[in-house]
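# A look at the structure
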Amino acid sequence: MTSGAFTTSSLAEDFRALGLRDGDRVLVHSSLSALGWVEGGADAVIEALLQVTGPEGTVVFPTLTGASTDTPENPPHFDIRHDTTWCGEIPRAALQHPRHVRSLHPTHSVAAIGACAEVLTKGHQHAVSPCGHGSPYTRLADMGGRILLIGVGHDSNTTFHTAEELAAMPYVSYPGRHDASVVDADGKSMLVRSPIHRWDRPRCFESWNDALVSADIVRCGNVGTAPCRLMESKALTEWLVALLLRNPRGLLAHGTPHI
Ligand SMILES: CC(C)(COP(=O)(O)OP(=O)(O)OC[C@H]1O[C@@H](n2cnc3c(N)ncnc32)[C@H](O)[C@@H]1OP(=O)(O)O)[C@@H](O)C(=O)NCCC(=O)NCCS
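In this report, the structure presented in the accompanying data block is examined.

Here the focus is the packing of aromatic side chains. The geometry of an aromatic ring pair comes down to the distance between the two centres and the angle between the two planes. If you walk through the whole model with that rule in mind, you get 3 aromatic pairs. For the ring pair W208 and W239, a centre distance of 5.9 Å and an interplane angle of 70° mean the geometry is edge-to-face. Residue W208 is found in the loop between β8 (189–194) and α7 (209–214), and its partner W239 is found in helix α8 (residues 233–246); the two are separated by 31 residues along the sequence. W239 sits in the partly exposed class, given a relative accessible area of 22%.

Right, dumping it as structure tokens:
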């Protein structure tokens, strides 16, 4: 289906044609408007993803809350009871889903629905870094998980930051770990120590897409009217870490002065 109104079942058919399978664990970055008009809106997209991945599968949405104003002097504060996300309408709808489980991280939380939701999200606040070891992003890779981009490019692909963190790129975060405050679902407030991302280092993630397609890591297709990409999280992460070890400036925008 390429025009007109899209439905849960037509979207599910398109997701399957792209390569999404029963049992998949998949992290989804999305633009609802890119899909064309969807009957039922964001909820219908989530339902389509859950239908395709089935009862053994898990669908994960970025529910990030970090802001460019976060610094060691002005650390982030996250209240899971009230704070929504700037990652779009589909992740915001996931936060209303009765089966969602959200990780408790001051800047890089995710919401997961499905069989591995607890395992993926648990203890994110204790991760070594926001997207690194102990985070849902590396856990997803270690579980054979995948990443789906719906109508957005790699500039929205948080797993690029996973690679930067695993390769210990000095430009990703302010030096050291800093106290940030989080409030859990019971209203209990606590301090967690985490690196804080800096926002003043422009990247060129999207410029690597052709190379990733040539390396058979990224598969392209359409869902509704949205150009989409599907990839294995582990293969992507390993490829990017290798790139960074060869060229530590590889993911920085041309002309960025400091790393
Ligand atoms: C910023 C971003 C979310 C904007 O995408 P978008 O499609 O304009 O916005 P949303 O996904 O929030 O969807 C809302 C839009 O869907 C459209 N919409 C509403 N109902 C709809 C329906 N039933 N069917 C289709 N589109 C609909 C509306 O036009 C609305 O746009 P508006 O606010 O201009 O009216 C997207 O470009 C993006 O970057 N997504 C990825 C975010 C991410 O994962 N970041 C991680 C960073 S490391």
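The subject of this paragraph is the sheet that holds strand β10 (residues 226–232). If you trace the 7 strands from one edge of the open sheet to the other, you get β4-β5-β2-β1-β6-β10-β9, paired in mixed fashion. Across the chains shown, the open sheet's two edge strands, defined by having one partner strand only, are β4 (101–102) and β9 (218–223). In terms of strand pairing, strand β1 (residues 25–30) meets strand β2 (residues 58–62) through 3 bridges, oriented parallel. Bridging across to β2, R25 finds its partner in T58. Across the sheet, helix α2 (residues 41–53) touches β1, β2, β5 (110–114) and β6 (146–150), and the angle it forms with β2 is around 145°.

Looking now at the pattern of salt bridges. What the rule picks out here adds up to 11 salt bridges. A salt bridge links R81 to D79, with the nearest nitrogen and oxygen atoms 2.8 Å apart. For D79, a relative accessible area of 8% gives the class buried. Two residues, R203 and E164, come together in a salt bridge whose shortest N-O distance is 2.8 Å. Separated by 39 residues along the polypeptide, R203 in the loop between β8 and α7 and E164 in helix α6 (residues 159–166) bring together distant segments of the chain. Judged by relative accessible area, E164 falls into the buried class, the value being 0%. Counted as one network, the salt bridges with shared partners bring together R21, D24, R146 and E232.

Attention now moves to unusual backbone geometry. Of note in the backbone geometry, A168 takes a positive phi value of approximately 55° without being a glycine. Checked against the element boundaries, A168 lands in the loop between α6 and β7 (178–183). Overall, the relative accessible area of 58% leaves A168 in the exposed class. Residue D216 is not a glycine yet carries a positive backbone phi of 65°. Along the chain, D216 turns up in the loop between α7 and β9.

Another point: the nonpolar core. By size, the foremost hydrophobic cluster in this structure holds 31 residues, and its most contacted members are L11, F15, L35, L49, F61 and L148. For this core, the secondary-structure elements that each account for two or more residues are α1 (8–18), β1, α2, β2, α3 (89–94), β6 and β10. With 8 residues, α2 is the single largest residue contributor to this core. L148 has contacts with F15, L18, V26, L27, V28, H29, L49, C228, R229 and L230, leaving out every residue within four places of it along the chain.

Bringing the site of the ligand into the picture now. Near the ligand, the surroundings consist of 18 residues, among which H29, S30, S31, S33 and V38 are the closest. Contact distances for the ligand include 2.8 Å between a nitrogen atom and a backbone N or O atom of S30. Measuring from an oxygen atom of the ligand, one finds a backbone N or O atom of E89 at 2.8 Å. Coverage of the ligand by the protein chains reaches 63% of its 980 Å² of free accessible surface.

All chains considered together, the criterion is met by 0 disulfides. There is no disulfide at C87, and the cysteine sulfur nearest it, in C131, is 11 Å away. Left without a disulfide partner, C220 is nearest to the cysteine sulfur of C228, which lies 9.5 Å away. On the basis of relative accessible area, C220 is assigned to the partly exposed category, the value being 48%.

Quick look at the sheet that holds β8 now. Taken in spatial order, the 3 strands line up as β3-β7-β8 in an open sheet, and their pairing is mixed. Of all the strands in the sheet, just β3 (77–79) and β8 have a single pairing partner and so form its edges. Averaged over all pairs of adjacent strands, the angle between their axes in this sheet comes to 25°, without regard to strand direction. Sheet topology note: the β7/β8 ladder contains 6 bridges and is antiparallel. In the sheet register, A180 faces β8, and the bridge partner there is V192.

Cut-offs applied
For every chain, the first residue of the written sequence is number 1, and numbering continues from 1 along that sequence. Since the coordinates come from a predicted model, pLDDT governs what is reported: local features require at least 70, and pairs of side-chain atoms require 80 or more to be given and counted, while whole-chain, interface and lining totals use all residues. For side-chain calculations, the full set of non-hydrogen atoms in the structure is used, while hydrogens and water are omitted. Two rings from Phe, Tyr or Trp (for Trp, the six-membered ring) form a pair when their centres are within 6.5 Å of each other. A pair whose planes differ by under 30 degrees is stacked, one over 60 is edge-to-face, and the rest are tilted. Numbering of helices and strands runs from the N terminus, with a helix taken as a DSSP run of H or I at least four residues long and a strand as a DSSP run of E at least two residues long. Buried, partly exposed and exposed residues are distinguished by accessible area as a fraction of the type maximum, computed with a 1.4 Å probe on protein chains only: under 20%, between the cut-offs, and over 50%, respectively. DSSP-based pairing: two strands are paired if at least 2 bridges between them are found. Whether two residues are in contact is decided by their heavy atoms, any of which lying within 4.5 Å being enough. Think of each axis as a best-fit line through the C-alpha atoms, taken over the contacting stretch in the case of a helix, with angles from 0 to 180 degrees between the N-to-C directions. Any Lys or Arg side-chain nitrogen found within 4 Å of a carboxyl oxygen on Asp or Glu counts as a salt bridge. In this text, buried Ala, Val, Leu, Ile, Met, Phe, Trp, Tyr and Cys residues form a nonpolar core when linked through side-chain atoms within 4.5 Å. Working definition: residue near molecule or strand if any one of its non-hydrogen atoms lies within 4 Å of it. Under the rule applied, a polar contact is a pair of N or O atoms within 3.5 Å (in protein, one hydrogen donor and one hydrogen acceptor; residues adjacent in sequence only if both atoms are side-chain atoms). Note on areas: Shrake-Rupley, 1.4 Å probe, and residue coverage restricted to the protein chains presented here. Any two cysteine sulfur atoms within 2.5 Å of one another count as a disulfide.

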